[in-house]
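# Chain and residue survey
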2 protein chains.
Amino acid sequence: MSADWFRRRFLPGGPLPAPRPPRPRASPVPYRRPRFLRGSGSSPGTADASCRPNARPVRSPVRGRALPWNAGYAEIINAEKSEFNEDQAACGKLCIRRFEFGVEEDQEWLTLCPEEFLTGHYWALFDGHGGPAAAILAANTLHSCLRRQLEAVVEGMVATQPPMHLSGHCIRPSDPQFVEEKGIRAEDLVVGALESAFQECDEVIGRELEASGQVGGCTALVAVTLQGKLYVANAGDSRAILVRRDEVRPLSSEFTPETERQRIQQLAFLYPELLAGEFTRLEFPRRLKGDDLGQKVLFRDHHMSGWSYKCVEQSDLKYPLIHGQGRQARLLGTLAVSRGLGDHQLKVLDTNIQLKPFLLSVPQVTVLDMDQLEPQEEDIVVMATDGLWDVLSNEQVARLVRSFLPGNREDPHRFSELAQMLIHSTQGKDDSPTQEGQVSYDDVSVFVIPLHNQGQGRSSH
Amino acid sequence: MSADWFRRRFLPGGPLPAPRPPRPRASPVPYRRPRFLRGSGSSPGTADASCRPNARPVRSPVRGRALPWNAGYAEIINAEKSEFNEDQAACGKLCIRRFEFGVEEDQEWLTLCPEEFLTGHYWALFDGHGGPAAAILAANTLHSCLRRQLEAVVEGMVATQPPMHLSGHCIRPSDPQFVEEKGIRAEDLVVGALESAFQECDEVIGRELEASGQVGGCTALVAVTLQGKLYVANAGDSRAILVRRDEVRPLSSEFTPETERQRIQQLAFLYPELLAGEFTRLEFPRRLKGDDLGQKVLFRDHHMSGWSYKCVEQSDLKYPLIHGQGRQARLLGTLAVSRGLGDHQLKVLDTNIQLKPFLLSVPQVTVLDMDQLEPQEEDIVVMATDGLWDVLSNEQVARLVRSFLPGNREDPHRFSELAQMLIHSTQGKDDSPTQEGQVSYDDVSVFVIPLHNQGQGRSSH
């Protein structure tokens, strides 16, 4: 993506058609139909993706389907917000092939089934909005993008240290030293591959949605185990946590208009034409009205972490770039997340103002060294969409995990049942541990990934 | 500062005069003359700034002068990099006046010496580059900017919660609730005032330097105690740490071309004309040469935390926007810091490429609640310019503090002597605790601030 592309895409040379003012949203809470629990009682299936080299990850477009796999269990619940599930999931074995130095790529591709060189595991959750199309495409596509990106750098990943030149040719005597000083490690290549894969997948979704006349976007949360490390890549408001006997550790951060306020305001500062004169980039404690004019009110701009007071001018009365707070915060009055895939065509209602320039498809990636962690049998990662975290805190989930697993040591399906139990806990049952019996009316999807023995992928090359 | 201002200032409509390529810098280490220790043996003076209401903070433009004050001691050493000390310091009592509601500002100003309403303490270190002019201006100016900014919001600071309207008039019944939901606290106003004060001071320095035909810039590290809290505001590569009996806590982060790589690369992505075709915004492990063309080499772009490989094109051979690593990293081949005050006229040598658009004057602010901390008698904050931290780690400084203070409990000058001792430790003495006898050839300035009883300012209104 070049700067020229950014400008051509988002900054047309001529003046924008005069947009109508955005419809005021007194209550920006998204529409939610009453919950309709389905399929949560299903037991995990038996299909074992790890038996199939280069297996296409299992995708579950159907509602409430348990994702069967022996190394991670998912449970998905549909809140019936749309006909198809807006939450989508995928998991499977990740098989990375090797392109040997000196072998022409064409020759390599002639081998129809080259032996896998590195293997890992892949889990992904996608929470769609504006329909399930982007989430379904992401569940079908992202793992392929990731495999391609990893195969492009696999030679560097298995070197003691990634070489300056991937080909291995033309290395100057001074190169290894330079690379060493920069401290570039194999894991940095996996992080880079995850970042590139998210972007590639975003481009694929953009093309596919445009070609098929569909719309929509989705968040993406991905966990990958590879070479003894766990990578968690997040773009959106899903969350992954590590739960051990004595520790609860967040493995991701949420990206919303509130958490990315300064980045979003700064873009509007640098390119005010993106707001087409309809929005103010400034943050106020509430939307300003005519009789605030001339008053000194609290505000924040892009460079401020703290608050200050300013004298209200006419332009401050416009609708705020980011409005509302907590779960109700919206970007341009429209979107509750600031990172994800898709949304290429999304505009503010009845205007030509695009949301995409303010969105990032690139994830934040956390790396966990499992060799150092030495996971015990009940150390797990819980990945879930926002529907779970709206009503359960990290600590509440950890308490549920610790109260469930020790009493079910003999149960071969216990991780799947734990995922089901966590989903049940968001549905307002009598014994629900949520504060004040809170109920989630959103789609909820949960992966439970046991970490014990996950480091074994290391020995596969 | 508006977007229009940004564009007028940094993006001239016509094409830039063709610049000459920047001079290659084989070794971007800044010029350093051998150290020349002076004045480090001086004992602290007796002038007590806290006796003088609205006292102008003590500034020390002279070399090696100990800053006398009963609540914080400074020691400054000049490495003789320039005729005047490039390190400057200021400290003093901060006296905030109150403008009462309903009293016209004109009337308020008629009172020549209005009684102070809130008092706090202020310490600041400025590390100049390109001469001492900006650092001297900052030491003379920043405290006044801060006092002005604090006085503008003091009514909000002393309210239970900052009100939506500063005037107290026209508050709607719904306002307090809105403000409360945003969770805005009095300390957010102090953070906002520090951010605004740094920006105001930067503008003053820009005007003053232009008017006097001088040049230069400086980093700024400020500590303020107010209403039972300690605020540390940092723009540059100085550092403050808290040292207690069982704890060493960083109170600031450094802002350099390396730590702010993604922000700087992103601006170059959005406004490539800022590089005038002379630099590449991409990061490579080393500078590329002609025979790298066509090779796949490691690189990072603005959206990447990880690394990837790309095929080298002609444009990748340009000088990198950020080059070198660690202490040698330079922005546009010129500057080792990415935040600070001044540098309004700074251009890449022999070109029209300006550095200012890539620099931020806004500090990052850390808040420490001293009431919660309950500081003991030997709990201190150590503030120092990079000359100290180049050769001593946080832990080494903490060990020196803990080995010095307990044995000197009866010495009234012990904090000043500790500051001197820390400076001595950077000068390669035989008993130096620095690794491998490292010596600092840079200016070094140190404040030692005892925290015990600092919370007393709270009772002053």
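Residues numbered from 1 in each chain as written. Chains lettered and ligands numbered in written order. Predicted model: local features only at pLDDT ≥ 70, side-chain atom pairs only at ≥ 80, totals over all residues. Heavy atoms only, no water.

Chain A is annotated in an unreviewed UniProt entry as Protein phosphatase 1M isoform X1 of Balaenoptera acutorostrata.

## Remarks on the overall build of chain A
To be explicit about the condition: Comment: elements are numbered from the N terminus, with helices defined as DSSP H or I runs of at least four residues and strands as E runs of at least two. Relative accessibility decides the category of a residue: with a 1.4 Å probe and only protein chains considered, values under 20% of the type maximum give buried, values over 50% give exposed, and everything between is partly exposed. Here, two residues are considered to be in contact whenever any of their heavy atoms come within 4.5 Å of each other. Note that accessible areas follow from Shrake-Rupley with a 1.4 Å probe, and for residues the cover is restricted to the protein chains shown.
When helices and strands are counted, chain A shows 10 helices and 18 strands. Out of the 461 residues in chain A, the part that is buried amounts to 58%. Residue pairs in contact within chain A that sit at least 24 positions apart in sequence constitute 71% of those at least 6 positions apart. Summed over its atoms, the accessible surface of chain A is roughly 19300 Å², and 49% of this surface lies on carbon and sulfur atoms.

## Some details on the pairing of strand S5 (residues 217–226) of chain B
All names here are of chain B. Note the threshold: Here the rule is simple: two strands pair whenever DSSP picks up at least two bridges between them.
Within S5, 10 of the 10 residues are buried, leaving the element largely enclosed by the surrounding structure. Relative to strand S6 (residues 229–235), S5 is paired through seven bridges, and the arrangement is antiparallel. Opposite Val224, over in S6, you have Tyr231 as the bridge partner. Where S5 hands over to S6, the hairpin turn is made up of two residues, of which Gln227 adopts a positive phi near 50 degrees.

## Section: the side chain of Asp188 of chain A
Heads up, the rule is: As used in this structure description, the phrase polar contact means that two N or O atoms lie within 3.5 Å; if the pair is within protein, one of them must be able to donate a hydrogen and the other to accept it, and residues adjacent in sequence are counted only when both atoms belong to side chains.
Positionally, Asp188 of chain A belongs in helix H5 (residues 186–212). For Asp188 of chain A, a relative accessible area of 9% translates into the label buried. For Asp188 of chain A, the side chain forms a polar contact with the main-chain nitrogen of Arg185 of chain A, separated by 2.8 Å. Beyond its immediate stretch of four places on either side in the chain, Asp188 of chain A contacts Gly183 of chain A together with Gly306 and Trp307 of chain B.

## Quick word on the packing of aromatic side chains
The following threshold applies: What counts as a ring pair is set by centres within 6.5 Å for rings of Phe, Tyr and Trp (its six-membered ring), and what kind of pair is set by the plane angle: stacked under 30 degrees, edge-to-face over 60, tilted for all other angles. Consider the ring centre and the ring normal. A charge sits over the ring if Lys NZ or Arg CZ is within 6 Å of that centre and within 35 degrees of that normal.
Applying the stated rule across the entire model yields three aromatic pairs over all chains. Judged by centre distance (5.4 Å) and plane angle (25 degrees), the ring pair of Tyr271 of chain A and Tyr271 of chain B falls under stacked. Here Tyr271 of chain B lies in the loop between helix H6 (261–270) and strand S9 (279–280) and Tyr271 of chain A lies in the loop between helix H6 (261–270) and strand S9 (279–280), a pairing that spans two chains. Each member of the pair Tyr271 of chain A and Tyr271 of chain B is classed as buried. Judged by centre distance (5.8 Å) and plane angle (85 degrees), the ring pair of Phe279 of chain A and Tyr319 of chain A falls under edge-to-face. Of this pair, Phe279 of chain A sits in strand S9 while Tyr319 of chain A sits in strand S12 (residues 319–320); the two residues are 40 residues apart in sequence, bridging distant segments of the chain. Tyr319 of chain A carries the same exposure label as Phe279 of chain A, and that label is buried. Over the face of the ring belonging to Phe255 of chain A we find Arg339 of chain A, whose NZ or CZ atom lies 3.9 Å from the ring centre.

## Concerning the packing of helix H9 (residues 394–404) of chain A against helix H10 (residues 414–425) of chain A
Residues and elements named next belong to chain A. Worth spelling out the cut-off: Axis definition: a line fitted to C-alpha atoms, limited for helices to the stretch in contact. Angles are taken between N-to-C directions and run from 0 to 180 degrees. Orientation categories follow fixed angle ranges, with anything under 35 degrees roughly parallel, anything over 145 roughly antiparallel, 65 to 115 roughly perpendicular, and all other angles oblique. With the far helix as reference, a near helix turned anticlockwise by less than a right angle produces a left-handed crossing, and one turned clockwise produces a right-handed crossing.
Across the interface, H9 lies against H10 with an axial gap of 11 Å and an inter-helix angle of 140 degrees. As summarised for this structure, H9 and H10 are arranged oblique, according to the angle between their axes. Read as a crossing pair, H9 and H10 show a hand that is right-handed. Of the residues in H10, those in contact with Val397, Leu400, Val401 and Phe404 of H9 are Arg414, Glu417, Leu418, Met421, Leu422 and Ser425.

## Structural notes on unusual backbone geometry
Despite not being glycine, Ala276 of chain A has its phi angle at roughly 50 degrees, a positive value. Of note in the backbone geometry, Asp350 of chain B takes a positive phi value of approximately 65 degrees without being a glycine. Summarising the element assignment, Asp350 of chain B is placed in the loop between strand S15 (341–342) and strand S16 (364–369). For Asp350 of chain B, a relative accessible area of 36% translates into the label partly exposed.

## Some words on helix H5 (residues 186–212) of chain B
Residues and elements named next belong to chain B. Rules: Multiplying 1.5 Å by the residue count of a helix minus one yields the expected span of that helix.
For H5, with 27 residues, the first-to-last C-alpha span of 39 Å sits near the 39 Å given by 1.5 Å per residue. By the criterion of burial, H5 is predominantly enclosed, with 21 of the 27 residues buried. Two residues or fewer after H5 comes Gly213, characterised by a positive phi angle close to 65 degrees.

## A closer look at the environment of Ser252 of chain B
Residue and element names in this part refer to chain B. Residue position: Ser252 is located in the loop between strand S8 (247–250) and H6. As for Ser252 and Ala139, which are separated by 113 residues in sequence, their C-alpha atoms are 20 Å apart. Discounting chain neighbours no more than four positions away, the residues touching Ser252 are Leu221, Val232, Asn234, Ser238, Arg239, Ala240 and Thr366. Engagement of the side chain of Ser252 in a polar contact is seen with the backbone nitrogen of Ala240, the distance being 3.0 Å.

## Comments concerning the pattern of salt bridges
Residues and elements named next belong to chain B. Formally: A pair is scored as a salt bridge if a Lys or Arg side-chain nitrogen falls within 4 Å of a carboxyl oxygen belonging to Asp or Glu.
Summed over the entire model, instances satisfying the criterion amount to 50 salt bridges over all chains. In this structure, the salt-bridge partner of Glu187 is Lys229, at a minimum N-O distance of 3.6 Å. Of this pair, Glu187 sits in helix H5 while Lys229 sits in strand S6, placing them 42 residues apart in sequence. Classification of Lys229 as buried rests on a relative accessible area of 16%. In this structure, Glu378 engages Arg409 in a salt bridge whose closest nitrogen and oxygen atoms are separated by 2.7 Å.

## Re the confidence of the model for chain A
All names here are of chain A. Condition: Each residue carries a pLDDT score, the predictor's own confidence in it, on a scale running from 0 to 100.
The predicted model of chain A has a mean per-residue pLDDT of 80, with 71% of residues at 70 or higher. Ignoring residues within four places in sequence, the model shows residues 108–113, a span with pLDDT below 50, making six contacts including any to other chains. A low-confidence stretch, residues 457–461 stays under pLDDT 50, and its non-local contacts, those more than four residues away or across chains, total 11 contacts. Across the interfaces of the predicted complex, the ipTM metric reaches 0.82, alongside a pTM of 0.83.

## Focus on the pairing of strand S5 (residues 217–226) of chain A
All names here are of chain A. Across the two faces of S5 the burial is the same, with Gly217, Thr219, Leu221, Ala223 and Thr225 and Cys218, Ala220, Val222, Val224 and Leu226 all buried. In the sheet, strand S4 (residues 118–129) pairs with S5 via 10 bridges, with the strands oriented antiparallel. Note that in S5 the partner of His129 across the bridge is Gly217.

## Quick word on the environment of Leu267 of chain A
All names here are of chain A. Structurally, Leu267 is set in helix H6. Looking at Leu267, the relative accessible area reads 6%, which means it is buried. Distance from Leu267 to Phe358, taken between C-alpha atoms, is 7.3 Å for residues 91 residues apart in sequence.

## Comments concerning the environment of Leu359 of chain A
All names here are of chain A. Along the polypeptide, Leu359 turns up in the loop between strand S15 (341–342) and strand S16 (364–369). Judged by relative accessible area, Leu359 falls into the buried class, the value being 10%. Between the alpha carbons of Leu359 and Val337 there is a distance of 8.3 Å; along the sequence they are 22 residues apart. Those residues in contact with Leu359 that lie beyond four places of it in its chain are Leu331, Leu335, Val337, Ser338 and Asp343.

## A closer look at helix H3 (residues 133–158) of chain B
All names here are of chain B. The line we're drawing: The angle separating two fitted axes, one through the seven residues that finish at a residue and one through the seven that start at it, defines the bend at that residue.
A rise of 1.5 Å per residue sets the reference length of H3, with its 26 residues, at 38 Å; its end C-alpha atoms lie 37 Å apart and thus fit the reference within 8%. The axis of H3 is deflected most strongly, by about 55 degrees, at Ala152. Along H3, 19 of the 26 residues are buried, which leaves the element largely enclosed by surrounding structure.

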